[in-house]
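Residues per chain are reported as follows:
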Amino acid sequence: MVVYLFGKTSKGFMSARRLTIFLGLLAVVSVNFGCGNKVYNLVPAKGNITVDGKPVGDLMIQFMPDIDGTSKLPEGPTSYAISDAQGNFELKTYDGGVGALPGKHLVTVVDQ
């Protein structure tokens, strides 16, 4: 699992403009390459995010399938969640599926 914390600055983890651009590009990639008419077998996936032992809320977590280990475009739907105040999250796909594909993923965590 690879975790990227994008662009930490004095104002936070990522500017709203960069986040908007990133999410827009991710949506295009997901629609064009990740979904289609294939049926994917998702598995329930949930977790808890902490920093120095303290829960962190309002983080966007994304799991992008990395089936062949090359970090290329996702081969299947990307799953995401927003952590609650206790750091808990449960993944779902952008098209409404619940869970994530089993296997290796590239993981991003972005401060909202």
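See the structure shown above.
Rules and cut-offs
- Residues numbered from 1 in each chain as written.
- Predicted model: local features only at pLDDT ≥ 70, side-chain atom pairs only at ≥ 80, totals over all residues.
- Heavy atoms only, no water.
- Buried < 20%, exposed > 50% of the residue type's maximum accessible area, 1.4 Å probe, protein only.
- Helix = DSSP H or I, 4+ residues; strand = E, 2+ residues; numbered from the N terminus.
- Pairing = 2+ DSSP bridges.
- Polar contact = N/O pair within 3.5 Å; in protein donor to acceptor, adjacent residues only side chain to side chain.

Asker: Just give me the short version of the pairing of strand 5 (residues 59-65), but keep the residues and values in it.
Answerer: Side chains on a regular strand alternate between the two faces of the sheet. With respect to burial, strand 5 is a largely interior element, 7 of its 7 residues being buried. Here strand 5 shows two buried faces, one formed by Leu 59, Ile 61, Phe 63 and Pro 65 and the other by Met 60, Gln 62 and Met 64. Pairing between strand 5 and strand 9 (residues 105-111): 7 bridges, direction antiparallel. Of the residues in strand 9, the one forming a bridge with Phe 63 is Val 107.

Asker: I'd like to hear about unusual backbone geometry, residue by residue, with values.
Answerer: Phi is positive for Asp 52, which is not a glycine, with a value near 55 degrees. Tracing the chain through its elements places Asp 52 in the loop between strand 3 (50-51) and strand 4 (54-55). Looking at Asp 52, the relative accessible area reads 77%, which means it is exposed. One non-glycine residue, Asp 58, lies in the positive phi region at around 60 degrees. Judged by its relative accessible area of 43%, Asp 58 falls in the partly exposed class.

Asker: If you had to explain the side chain of His 105 to someone new, which residues and values would you point to?
Answerer: Here His 105 is to be found in strand 9. Overall, His 105 belongs to the buried group, its relative accessible area being 11%. In this structure the side chain of His 105 is engaged in a polar contact, spanning 3.2 Å, whose partner is the backbone oxygen of Leu 101.

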